[in-house]
Each structure stands twice: as C-alpha cells, then as structure tokens.
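Observations on chain architecture
Residue strings, one per chain:
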Amino acid sequence: MARAVNKVEASGTAHLVAALAKALREQQRLSQEELGRKIGYTGSAVSAMETCAQPASDKMLVKLEEALGGGLGVFEKARRWMLLEKYPARFRGFSELEAGAVTICSYETLVVDGLFQTEEYARALIGGSYPPVSQQKREELVEARLARRALFERDPAPMVELILEEGVLKRPFGSWEVLRGQLRSLTEDARRDNVCVQVLPMDRGLRGTHAGDRGAMKLVETKEHEHVVYMEIEDQGILISDPPEVSQLAHRYAKIRAQALSPDDSLDLIERLAGEER
C-alpha cells in the first residue's frame, strides 16, 4: 500500500529519472538484477526505482551516473532537482537562496536550525510532526534536510551565524540520547571557522528587554549581495526583500545577538548540557 502511495506522490523529476534509467539500462542490455549488482542495490530496489514505488535516493543517483550516465551528467544534474522537490513547497524558494548564500544568520526559538540538525534529530522531529507523514515522505525530508549541510563544505564557505533560545537545548525529540547527540554535533559545528553559535538565555526577559519575542527568522545575503529575510509562520514560508522591512528585521536580529551569550560562553553551555545524563 505504501509503495502504491509513493507512485502517486512521486515528483515529475522522479518519473523522468525512472524512465531514463530504464531506457539506458535496456540500451545496455542489463537486467534489473545486473544493474543492481553494478550499483550496489538489489534487483528489486532497481525495479522499485523504475516504477517510482521507491524513487531514487541521492546516493542511488550518484551510482546511476557512474553506471549509466555515459559522461553526460544527467543523473548528476537530476540530484539538485530531486532534492529540491523533496522540500516542503514553502521552503523550496528559500533553499535555492540558502545554497548560494554569502552569509546566513538564523535565530531559532523552538528547534535546532535544520541546517545543523543530525539525522537522528531530524528523523525524530519530522516523524513526530503533525499532520503525520508517511515513512517514505519522512525519509525523503530527512535526506533533503541533511543534504543542506553540504553548504558547510562549500568553497568559498559562507559565514553562518546561529542564535538559539536556551530552551531549544533542553527540548528533546525522540529521546534524551538523540538530544545529546544533537548537542554534541552542534559543538562540532560551532568550532568551524565560518560558523558562530550563540545562545539566548532563558531568563533574558528578567532584564527588562527581550528582542526575540516575535519569533524565529533567517537573514540571508545572496551571492549578488542582496539581503532577504525568511520566516515561517505555521505552514507558510515568507520571503521579505523590501529594503526598509529587511533593515528593520536586521536591526532586531542585531539586538538579539547583542543579548545572547558570547560564542565562548554559549559553547561552554552547550557542552555542559550535552554531557548531562537524564
């Protein structure tokens, strides 16, 4: 039943990849089992890919390019669009901006920013969301979210800032061990030369001002050096590019950053919480 649903939900790119893979396989007179052996999958997995019962994963696309691509790069090019179509519709426009950004500044209030999430944290978060998604869709969303981390290794590397509410560091998804693993990963990312992670203390409001009371936001400087702000409200993604509005939100973000702990103190706090047993 799940695979029948997958066939219906599969994207246009998935169907195109499936048809192309089948045509090239048959052109090379390979059975599904033979192709499977060449790319490290079973014959049934190849069959599922060709019928879109289980669309090609990013890893399978890499292998298909090696085995069937013939130097044309068609499966390599398909990787971008396959991943893009796995994102929720509200996020697709921003994902393209994020991938090519010069600077990304994020303030998160409820969960660890998706760019920094571990596989286990992302799977627990997506799997427990509402309305629930199918197992196939969950895995597609996890794969797409993890693919965003390629941005950390990009050359030239973007500057990435992340400010987290302290409560995010104490809110488990899946299990306490999943949270500890996420915090350990966060400390590793925080030590990257192009990354800065800060924590906004939970008791910030006791000081009389709290610049982050209106929710999360992302500020992006594009490769054309334009500035945009992205926000999500419930299931709606909002991109703001009007300069006066962007300027106001940038000032608010700067105030949030000023109210947060220093990067060193933030790292100390995250490391301490990562080591706590519950």
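Refer to the preceding data block for the structure.
Scope of this entry: the structure provided in the associated data block.

Cut-offs applied
Residues numbered from 1 in each chain as written. Predicted model: local features only at pLDDT ≥ 70, side-chain atom pairs only at ≥ 80, totals over all residues. Heavy atoms only, no water. Pairing = 2+ DSSP bridges. Helix = DSSP H or I, 4+ residues; strand = E, 2+ residues; numbered from the N terminus. Patch = residues over 30% accessible without salt bridge, like charges linked within 9 Å, V, L, I, M, F, W, Y side chains within 5 Å. Areas by Shrake-Rupley, 256 points an atom, 1.4 Å probe, with all protein chains shown as cover. Salt bridge = Lys/Arg side-chain N within 4 Å of Asp/Glu carboxyl O. Buried < 20%, exposed > 50% of the residue type's maximum accessible area, 1.4 Å probe, protein only. Expected span 1.5 Å × (residues − 1). Arc of directions from axis to C-beta. Axes fitted to C-alpha atoms, helices over the stretch in contact; angles between N-to-C directions. Parallel < 35°, antiparallel > 145°, perpendicular 65-115°, else oblique. Contact = heavy atoms within 4.5 Å. Nonpolar A, V, L, I, M, F, W, Y, C, P; charged D, E, K, R; others polar. Core = buried A, V, L, I, M, F, W, Y, C linked by side-chain atoms within 4.5 Å.

**A word on the pairing of strand 5 (residues 227–233)**
As paired strands, strand 4 (residues 217–221) and strand 5 are joined by four bridges and run antiparallel to one another. Among the inter-strand pairings, Leu-219 is bridged to a residue of strand 5, identified as Val-229. In terms of strand pairing, strand 5 meets strand 6 (residues 236–240) through five bridges, oriented antiparallel. Directly across from Ile-233, in strand 6, lies its bridge partner Gln-236.

**Some words on a nonpolar patch on the surface**
Judged by side-chain polarity, Leu-20, Leu-72 and Val-74 come together as a nonpolar surface patch covering roughly 240 Å² of accessible area. Examined against the element boundaries, Leu-72 turns out to sit in the loop between helix 5 (58–68) and helix 6 (74–86). For Leu-72, a relative accessible area of 62% puts it in the exposed group.

**Brief notes about the pattern of salt bridges**
A full pass over the atoms with the stated rule returns 19 salt bridges. In this structure, Lys-218 and Glu-108 form a salt bridge, with 3.5 Å as the shortest nitrogen-oxygen distance. In this pair, Lys-218 is assigned in strand 4 and Glu-108 in strand 1 (residues 103–108), connecting sequence segments 110 residues apart. Given a relative accessible area of 14%, Glu-108 falls into the buried group. Across the pair Glu-153 and Arg-192 runs a salt bridge whose closest N-O atoms are separated by 3.0 Å. One end of the pair, Glu-153, is in the loop between helix 9 (135–147) and strand 2 (159–165); the other, Arg-192, is in the loop between helix 10 (176–190) and strand 3 (195–200), and 39 residues separate them in sequence. With a relative accessible area of 58%, Glu-153 lands in the exposed category. By relative accessible area, which is 23% here, Arg-192 ends up partly exposed.

**Concerning helix 11 (residues 243–259)**
The first and last C-alpha atoms of helix 11 sit 24 Å apart over 17 residues, in line with the 24 Å expected at 1.5 Å per residue. Along helix 11, the residues that are buried comprise Val-246, Leu-249, Tyr-253, Ile-256 and Gln-259. Taken around the axis of helix 11, the buried residues stretch over an arc of 140°, which confines them to a single face. Along helix 11, the residues that are exposed and aim more than 90 degrees away from the buried face are Pro-243, Pro-244, Gln-248, His-251 and Ala-258.

**What to know about the packing of helix 6 against helix 7 (residues 89–99)**
Two elements in contact, helix 6 and helix 7, have axes separated by 8 Å at closest approach and are oriented at 135°. Taken together, the axis directions place helix 6 and helix 7 in an arrangement best described as oblique. Contact residues: Arg-80, Leu-84 and Glu-85 in helix 6; Arg-92, Ser-95 and Glu-96 in helix 7. Among the residues forming the contact of helix 6 with helix 7, the class breakdown is one nonpolar, one polar and four charged.

**Points about the nonpolar core**
Residues Phe-116, Val-160, Leu-169, Leu-183, Leu-186, Val-197 and Ile-270 are the most contacted members of the largest nonpolar core, which totals 35 residues. Sequence-distant contacts of Ile-270, that is, excluding residues within four places in its chain, are made with Leu-169, Leu-183, Leu-186, Thr-187, Val-197 and Val-199. Residues Ala-14, Leu-35, Cys-52 and Met-82 belong to the second largest nonpolar core, which totals 21 residues.

**A word on the sheet that holds strand 5**
With mixed pairing, the six strands of this open sheet are ordered in space as 3-2-1-4-5-6. A single partner strand is all that each edge strand has here, and the edge strands are strand 3 and strand 6. Averaged over all pairs of adjacent strands, the angle between strand axes in this sheet comes to 15°, irrespective of strand direction. Across the sheet, helix 11 is in contact with strand 1, strand 2, strand 3, strand 4, strand 5 and strand 6; its angle to strand 4 comes to roughly 115°.

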